[in-house]
Amino acid sequence: MGMFQRDRRVFADAEPLDDSYEPEDIRERDEELEKYQRALQPIIDNRPTSNIFLYGKTGTGKTVATKFMLSHLEDDAAQYDDIDLSTVWVSCENLSSSYQVAVALVNELRESRGGDRISTTGYSQQRVFDILYEELDVLGGTVVIVLDEIDNIGHSDDILYGLPRARSNGYVEDIRPVIVGISNDFQFRDNLSPKVKDTLAEKEILFPPYDANQLRSILEPRAEKAFHDGVLDDDVVPLCSAFAAQDTGSARQAIRLLREAGELAQADGSETITEVHVRNAQDELEKNQLYEGMQELTTQGHAVLCALAYREALDEVPVRSRDLYKRYTRICGRLDTDSVSERRVRDHLSDMNMLGLIRVYERNEGLSAGRYHEYELDVPLRAVLDVLLSTSRFEDFAGIIHSAADDNGLLRSDISDY
Ligand SMILES: Nc1ncnc2c1ncn2[C@@H]1O[C@H](COP(=O)(O)OP(=O)(O)OP(=O)(O)O)[C@@H](O)[C@H]1O
């Protein structure tokens, strides 16, 4: 008998718990959808349409609501002969400048016409913008341009200024661009230059985090489809909703938790999914989240984490930032990488604290020593070592810290000298 055998006792159809699943209806977002509809209505009326900016934390339904609205808009617009509507969607997840977004838009537009893609490098920004305007002019009519995760372009926001004004500046003749910007970074919105904010955020729609009841209402129809009758204990969906509501208010998190609980139940050969599976699933996902948080740190972040792991292996925690800084600069020296100031190291430590990776203690020694902070890991040393081991530049450090910790202090002098 093979290692893997098909098992369909728990899941009837796992698709509704998949990230790419498109639900039949959008729940608990009536107000936001109404605003969205009002913002898009001028397209059907053939009136000038404002740009729209959607913002809210991750998993709050911005993308799914946009797909839903645009699909209705396209269907309804098709009934009017005098409306020429097209939509183009670009995810800016891996794009970090207006230049890259413009290239991605050109390629999306060209691909939809069966044309050739352009190279991602080698043009001036103005040239790429000109090619984009030419492509849009070929298309004509109203073009809804969705820029998902637009915050990735940071301060390089020329496209958000240029595109909405393309018509008034005479770069395009026959098209009316409507930009839908989507972002989960509140700072990006706040930091937009006033000239961009004026045009991009003409109509803003905030997607607040979901509460437990809303998450329950989003999960229920999916759970009903995903699992066989009688598999789910009554408190499973409410518990998944409560955990996700307490943490982020993200529907994505609630859905993942439910799926993970189902997978754990399947793995134990259980015929029902119970509260215990949800609690175990929550622990599992939290661990993964911390692991991902550590993996996504920059090289500087990893160097700071590595310095803290050293101190942890030597049993010298909590540690003051100035002592940690000395270790950090030595690590940077070994890596042949520039070190940043002690103040920046403290910023990295504060980010790691927010991610739940380290613990910070505020000390107040009165007039003699003043106020200072001390730090220690809030995740198991083994988990940090796993991450450092998988980050090629830190592999050697991980080995040394590992043996020091393993030998319970016997190699202390070696590692202090490293
Ligand atoms: N109101 C809702 N009704 C039904 N499903 C929802 C709702 N809100 C979110 N979802 C589901 O939750 C998941 C995350 O939603 P979505 O991708 O739209 O979030 P987002 O706000 O765009 O997040 P991000 O900023 O991370 O891209 C998707 O699987 C989506 O189908």
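Starting from 1, residues in each chain are numbered consecutively following that chain's sequence as written. Only residues with pLDDT of at least 70 get local features here, since the model is predicted, and only at 80 or more are side-chain atom pairs given and counted; chain-wide, interface and lining totals rely on the full set of residues.

Labelled according to an unreviewed UniProt entry, the protein appears under the name ORC1-type DNA replication protein, originating from Natronomonas moolapensis. UniProt positions are given in the numbering used here, feature names are shortened, and annotations may be inferred rather than shown by experiment. The UniProt entry for the protein carries this comment under Function (unreviewed entry): "Involved in regulation of DNA replication." According to the UniProt record, the Sequence similarities (unreviewed entry) comment for the protein is "Belongs to the CDC6/cdc18 family."

Asker: What should I look at first to understand the overall build of the protein in this one?
Answerer: For the protein, the count of helices and strands is 18 helices and 8 strands. For the protein, the spread of C-alpha atoms along the principal axes amounts to about 80 × 60 × 55 Å. Whether a residue is buried, exposed or partly exposed follows from its count of other C-beta atoms within 10 Å of its own C-beta, namely 20 or more, 12 or fewer, or something in between, respectively; the C-beta atoms are built from the backbone. When each of the 418 residues of the protein is scored for burial, the buried share is 36%. The contact criterion used here is simple: two residues whose C-beta atoms, placed from the backbone, lie within 7 Å are in contact. Once local pairs closer than 6 in sequence are excluded, the contacts in the protein between residues at least 24 apart make up 71%. Put simply, DSSP marks the helices as runs of H or I at least four residues long and the strands as runs of E at least two long, and each gets a number from the N terminus on.

Asker: Before we go on, may I ask you to explain the UniProt feature "binding site: ATP" (unreviewed entry) in the protein in this structure?
Answerer: Sites flagged by UniProt as "binding site: ATP" (unreviewed entry) map to T60, G61, K62, T63, V64, Y210 and R222. Examined against the element boundaries, V64 turns out to sit in helix α2 (residues 62-77). According to the C-beta neighbour criterion, V64 is partly exposed, with 18 such atoms within 10 Å. Every residue in contact with V64, bar those within four places of it in the chain, is listed here: P23 and I26. Checked against the element boundaries, Y210 lands in the loop between β5 (203-206) and α8 (212-226). Setting aside residues no more than four positions away along its own chain, Y210 makes contact with E28, T60, L215, I218, A245, G249 and A251.

Asker: How should the nonpolar core be read in this particular structure?
Answerer: Soluble globular proteins: nonpolar side chains tend toward being buried together. Ranked by size, the top nonpolar core spans 48 residues in total, and within it V101, A102, L105, I145 and L147 carry the most contacts. Put simply, the parts of the chain that give this core at least two residues each are α1 (30-44), β1 (52-55), α2, α3 (98-112), α4 (125-139), β3 (141-148), α5 (158-162) and β4 (175-183). The element best represented in this core is α3, accounting for 8 residues. What I145 contacts, discounting residues up to four positions off in sequence, is V88, L105, L163, P177, V178 and I179. Only buried Ala, Val, Leu, Ile, Met, Phe, Trp, Tyr and Cys residues enter a nonpolar core, and they are joined through C-beta atoms within 7 Å. If you look at the next biggest cluster of nonpolar residues, it comprises 31 residues, including V304, L305, C306 and L308.

Asker: Any chance you could explain helix α9 (residues 236-247) here in plain terms?
Answerer: Working note: α-helix, 3.6 residues per turn, so residues spaced by three or four point in the same direction. Expected helix span is given by 1.5 Å per residue-to-residue step, counting one fewer step than there are residues. Compared with the 16 Å implied by 1.5 Å per residue over 12 residues, the 17 Å span of α9 between its first and last C-alpha is a close match. Restricting attention to buried positions, one finds in α9 the residues V236, V237, L239, C240, S241, F243, A244 and A245. Next to the buried residues of α9 lie α8, α10 (251-267) and α11 (275-295). Downstream of α9 by a residue or two, G249 has a phi angle that is positive, lying close to 75 degrees.

Asker: Please explain the sheet that holds β5 as it appears in this structure.
Answerer: Two orientations exist for strands paired in a sheet by backbone hydrogen bonds: parallel and antiparallel. One bridge is not enough; two strands pair if DSSP finds at least two bridges between them. With parallel pairing, 5 strands are arranged side by side in an open sheet as β2-β3-β4-β1-β5. Each having just a single partner strand, β2 (85-91) and β5 make up the two edges of the open sheet. Neighbour-to-neighbour, the strand axes of this sheet turn through a mean angle of 15 degrees, independent of strand direction. Sheet topology places β1 next to β4; 4 bridges connect them, and they run parallel. All axes are obtained by fitting lines to C-alpha atoms, using only the stretch in contact for helices, and the reported angles, taken between N-to-C directions, cover 0 to 180 degrees.

Asker: It is not clear to me how the domain arrangement of the protein should be interpreted in this structure. Could you clarify?
Answerer: A common way to report how large an interface is uses the accessible area buried once the components associate. Each assigned domain of the protein is listed here: domain 1 (30-206), domain 2 (210-293) and domain 3 (297-417). Taken together, the contacts link 5 residues of domain 1 with 7 residues of domain 2. Only Asp, Glu, Lys and Arg are considered charged, only Ala, Val, Leu, Ile, Met, Phe, Trp, Tyr, Cys and Pro nonpolar, and every remaining residue, Gly among them, polar. By residue class, the composition of the side of domain 1 that touches domain 2 is no nonpolar, 4 polar and 1 charged. The start and end points of each domain follow an automatic or database-based domain assignment.

Asker: Would you explain the site of the ligand in this entry?
Answerer: The full set close to the ligand counts 20 residues, and T58, G61, T63, V64 and A251 are the nearest of them. Those elements that place two or more of their residues in the shell around the ligand are α2 and α10. A class-by-class count of the residues in the shell around the ligand yields 7 nonpolar, 7 polar and 6 charged. When we break the shell around the ligand down by domain, the ones giving at least three residues each are domain 1 (30-206) and domain 2 (210-293). Nearness between a residue and a molecule or strand is assessed with a C-beta atom placed from the backbone; a distance within 6 Å qualifies.

Asker: Help me understand the sheet that holds strand β7 (residues 358-364) in this model?
Answerer: Taken in spatial order, the 3 strands of this open sheet run β6-β8-β7, and their pairing is antiparallel. Unpaired on one side and paired on the other, β6 (319-320) and β7 mark the two borders of the sheet. Of the strands in this sheet, β7 and β8 (371-377) are in contact with helix α14 (residues 342-354), which crosses β7 at around 120 degrees.

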